Amino acid sequence: MTTPPAVRPVLPQSADVPEPEVDMRTSLAWAALPNPLATASGCAANGRELSRFFPLSRLGAMVTKSVMLAPRSGRPTPRMAETPSGMLNSIGLQGPGVDAFVQQDLPWLKAQGARTIASIAAGSIDEYAEVAARLALAPPGTVTAVEVNISCPNVEDRGLVFACDPDAAAAAVAAARSATDPSIPVLAKLSPDVTDIVSIARACVGAGADGLTMINTVLGMVIDTTTLRPVLGGVTGGLSGPAIRPVAVRCIWQVHAALPEVPILGVGGVRTGLDALQLILAGASAVSVGTTVFNDPGAPLRVLGELRTALAERGFERMRDAVGYAHSALGAGADRIAPPVPPGPSLRAPSADGAGSGYDETAYDEGR
Amino acid sequence: MQVRGEALSVRRVGAYYALTLLAPGVAERFRPGHFVALAIGDESSSMLLRRSFSIYRCQERGVYGGTVEIVVSAHGPGTEWLASRRPHDPVDVVGPLGTPFALPREPASCTLVGGGYGSAPLFTLAERLRARGCRVDIVLGAATEERLFGVLEAKRMADSVTVTTDDGSLGTRGRVTDVLPRVMERAGTDAVYACGPMAMLRAVSDVAAGSGVPAQVAVEEAMACGIGVCMTCVLPVVGEDGVTRMVRSCTEGPVFRGDTVRWADVGTVPADCLGAPVAAGGH
């Protein structure tokens, strides 16, 4: 059984205290990243706006806004509503279309030194293939990975969302994978609004997904009690922000338990380094900061620093050693998909006779 | 830029609060029409979305460094939190943001129209126009006297000030557009500048267009981020190529030419907008 490392506080950083030594390198499939922090699709536009706050080259990856085949106006306003520790959005994938993205945004991102994970979306299987094919015309080296946003209604199947059906999800992923340069990994972005996310994950991987991004927003709705009408122009919207972080951790946990070899880009409610660490411990190899950017434009780099410190405090010398660590802490043979999880500290080898609380003194030694 | 600022003072002004923030670096880059986006609460606040405010005035060098003053109407939990700040409370500031008002190159007669506390950015605008030798006439309107902002200040800096209130509690009973044609005629207006509620901006744009006078209006749209990444604050605007696009009021705006905004279609996506959804079948 693996032993959880002790938490040893690292001094706050200052000019004369160097950053703690943790190897932050990671990878998503065969795409190597210098660190695990990424933006999230739709929460960072295509980089120009955030580049006024920090150099995009310092991100592990820049995940761009989902782009479709043609220019899209998006939905009418109001497009957002603040909710407790989160927000609803109903943007409707407003964007310039894939050709403008390929010609204008990708070369610019490359010039910034960013590693771009290009998110694509579509309303039909053929459109997924077409968008991916147009994206494949991008100058070499401008796309680090392709993320397939399958949380879109299928116009050819009564608006059924691809991500909510294993066959439709697989078909969308297969279409994008086959039209994409084989040297570029393809990630499928999953929706949490499903009964069994593992079956969707398996379908996507079976269709050629080299990794998974989890999770997209959770469908929600707010009604204005003054006007007695839905707040959003689009009626329903996607819930994001810290409110959905536990859903993200659960989804990543379940899929990593079932498919431990499949790399996961974790997304959902990350606001701090410890939030990011939760997603990593559940099985994410990299972590996106999404809605928090609206609150704190500098958050991706802040979270990176906090994560580095949190890993150092827990004795991790390499970020990738923490990926999925919470699973191994439960030990072999545990029902890791829906486990009766004992309280955290008791994970450290309860004594054979059941005596003692199982609390690990060193893990909670605050006097250091 | 993003700075961890702090509150210096909060004072009550009629129905509003004027909040002065220490925000080094913001004041130095300020031009009239710029806004700031303020975080609400601390790092674990459940209110994630920034609130955006036109900059009322700036001081580049004070006792403490650069300061920014905004006007807040405390009508929700976020704005109430801002109005309850005490000196030295931290407030995270992003700014200056947006596209500011364009100033005339030659001295011109400029008429400035403000609705409610939307008048806030007009005073520094008036100062800078005066400094360029422009004539400045100001029209301020609100529902009631209490909801006017900056009448005395306007009188100190403008060639004329005309006030309207819906209830007649101060100035002319009625709307700003009831008096605007007369003010423009008297002033020989070359340019109109306006800030306030959308309905007022639409009416002011119509009056200006009717007189063949260009109008620049600073719109109020709900924003989540203020920096151009969230795409929530869009409205239909006609570009120089004649094509309507859903553009962000935080980056392309908040200042637009009044005759480019499709006022009747705000809150919708016009069918001829670039990338508008193709109508579903049926009749």
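Residues numbered from 1 in each chain as written. Chains lettered and ligands numbered in written order. Predicted model: local features only at pLDDT ≥ 70, side-chain atom pairs only at ≥ 80, totals over all residues. Heavy atoms only, no water.

1. Let's talk about the overall build of chain A
Scanning chain A for helices and strands turns up nine helices and 18 strands. When the 368 residues of chain A are sorted by exposure, 57% land in the buried category. Roughly 14900 Å² of accessible area belongs to chain A as shown, and the carbon and sulfur atoms make up 55% of that amount. (Helix = DSSP H or I, 4+ residues; strand = E, 2+ residues; numbered from the N terminus. Buried < 20%, exposed > 50% of the residue type's maximum accessible area, 1.4 Å probe, protein only. Areas by Shrake-Rupley, 256 points an atom, 1.4 Å probe, with all protein chains shown as cover.)

2. Topic: the packing of helix 6 (residues 273-282) of chain A against helix 8 (residues 299-313) of chain A
Residue and element names in this part refer to chain A. Running from amino to carboxyl end, helix 6 crosses helix 8 at an angle of 65°, the nearest separation of the two axes being 7 Å. By the angle class used here, helix 6 and helix 8 are roughly perpendicular. Handedness of the helix 6/helix 8 crossing: right-handed. Between helix 6, through Gly273, Leu274, Ala276, Leu277 and Ile280, and helix 8, the contact on the second element is made entirely by Val303, Glu306, Leu307, Ala310 and Leu311. Along the lines of polarity and charge, the residues of the contact of helix 6 with helix 8 split into eight nonpolar, one polar and one charged. (Axes fitted to C-alpha atoms, helices over the stretch in contact; angles between N-to-C directions. Parallel < 35°, antiparallel > 145°, perpendicular 65-115°, else oblique. Left-handed = near helix turned anticlockwise from the far one by under 90°. Contact = heavy atoms within 4.5 Å. Nonpolar A, V, L, I, M, F, W, Y, C, P; charged D, E, K, R; others polar.)

3. Points about the environment of Ala18 of chain B
Residue and element names in this part refer to chain B. Its place among the elements puts Ala18 in strand 2 (residues 16-22). Classification of Ala18 by relative accessible area gives buried; the value is 0%. Contact partners of Ala18, with chain neighbours within four places excluded, come to Ser9, Val10, Arg11, Val13, Glu69 and Ile70.

4. Some details on the interface of chain A and chain B
With 36 residues of chain A in contact, the opposing surface of chain B contributes 37 residues. Both sides together, the interface formed by chain A and chain B hides about 2800 Å², and carbon and sulfur atoms give 59% of it. Counting across the interface, chain A meets chain B through two salt bridges. Counting across the chain A and chain B interface gives 14 residue pairs in polar contact (both at pLDDT 80 or more). The set of elements that each furnish at least two residues to the side of chain A that touches chain B consists of strand 5 (80-83), strand 6 (86-89) and helix 7 (292-295) of chain A. Its residues placed into classes, the side of chain A that touches chain B shows 15 nonpolar, twelve polar and nine charged. (Buried area = accessible area lost by both parts, 1.4 Å probe. Salt bridge = Lys/Arg side-chain N within 4 Å of Asp/Glu carboxyl O. Polar contact = N/O pair within 3.5 Å; in protein donor to acceptor, adjacent residues only side chain to side chain.)

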